[in-house]
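Reading the structure
Residue-level listing of the chains:
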Amino acid sequence: MSRSAARKTALQMIFQMDVGKNEWEMALHTLEEKDLAEEDAAFALHLAEGVQKKQAEIDPYIQKESTQWSIDRMANVDKSILRLAVYELMAYPDTAKNIIINEAIELAKTFSTAESGAFVNGVLDKIAKDLSEEKIG
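One structure accompanies this document, and this report is about it.

What counts and what doesn't
Residues numbered from 1 in each chain as written. Predicted model: local features only at pLDDT ≥ 70, side-chain atom pairs only at ≥ 80, totals over all residues. Heavy atoms only, no water. Helix = DSSP H or I, 4+ residues; strand = E, 2+ residues; numbered from the N terminus. Rg over C-alpha atoms; globule rule 2.2 N^0.38 Å. Buried < 20%, exposed > 50% of the residue type's maximum accessible area, 1.4 Å probe, protein only. Areas by Shrake-Rupley, 256 points an atom, 1.4 Å probe, with all protein chains shown as cover. Lys, Arg positive; Asp, Glu negative; His and termini not counted. Charge placed at Lys NZ, Arg CZ, Asp CG, Glu CD. Contact = heavy atoms within 4.5 Å. Phe/Tyr/Trp six-rings, centres within 6.5 Å; stacked < 30°, edge-to-face > 60°. Lys NZ or Arg CZ within 6 Å of the ring centre and 35° of its normal.

What follows covers the overall build of the protein chain. Helix and strand counts for the protein chain stand at 6 helices and 0 strands. In the protein chain, the succession of α and β elements from N to C terminus is α-α-α-α-α-α. Expected size for 137 residues packed as a compact globule is a radius of gyration near 14 Å; at 14 Å, the protein chain falls within 12% of this value. For the protein chain, with 137 residues in total, the buried portion stands at 42%. Summing over all exposed atoms, the protein chain offers an accessible surface of approximately 7400 Å²; the carbon and sulfur share of this is 50%. Placing the 16 positive and 24 negative side-chain charges of the protein chain at their respective mean positions leaves the two points 5 Å apart.

Before going further, it helps to spend a moment on the environment of Arg73. Relative to the helices and strands, Arg73 resides in the loop between α3 (38-65) and α4 (76-91). Each C-alpha atom, one on Arg73 and one on Met13, is 21 Å from the other, the two residues being 60 residues apart in sequence.

What follows deals with the side chain of Thr95. For Thr95, the position within the fold is in the loop between α4 and α5 (97-111). Setting aside residues no more than four positions away along its own chain, Thr95 makes contact with Arg3, Glu88 and Ile100.

Under the definition given, this model contains 1 aromatic pair. For the pair Phe43 and Tyr92, a centre-to-centre distance of 5.3 Å together with 70 degrees between the ring planes defines the contact as edge-to-face. With Phe43 in helix α3 and Tyr92 in the loop between α4 and α5, this residue pair connects regions lying 49 residues apart in the sequence. Between Arg3 and the ring centre of Phe43, over which it is positioned, the NZ or CZ distance is 3.9 Å. The residue whose ring lies beneath Arg3 is Tyr92, and the NZ or CZ to ring-centre distance is 5.6 Å.

A separate point is the environment of Leu84. Here Leu84 shows up in helix α4. With 20 residues separating them in the primary sequence, Leu84 and Ala104 have C-alpha atoms 8.1 Å apart. Once residues lying within four places of it in the same chain are set aside, the contact partners of Leu84 are Arg7, Ala10, Leu11, Ile14, Leu47, Val51 and Leu107.

If you want it as structure tokens, here you go:
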């Protein structure tokens, strides 16, 4: 099982729909083109669908914790990475937060700028704490 490959695929699907304004069917085509194990494909699909359905809940977390940038001014790939990771933090509370955050950092280093890894790390670390506090309180 390669959750890393699934996350990468989900990111591509999310980015296509957000930036390319592609329809869901086109994103599904991207998933079908990948040679993912059935379990990984299902995970990627769940992440991409979740981001689409929960974006109105996800974006306020990102906006709150990215004090230097409004969400509309962020690099599109960084925004997609953050949405993916925040959804995973919300939907998979049993997955170690540091794994989700580290995977997001690696995606940022691969698909964005040299500074994006640190930006993504800082924002997600704060959001992970916010989500933990909400569950406790």
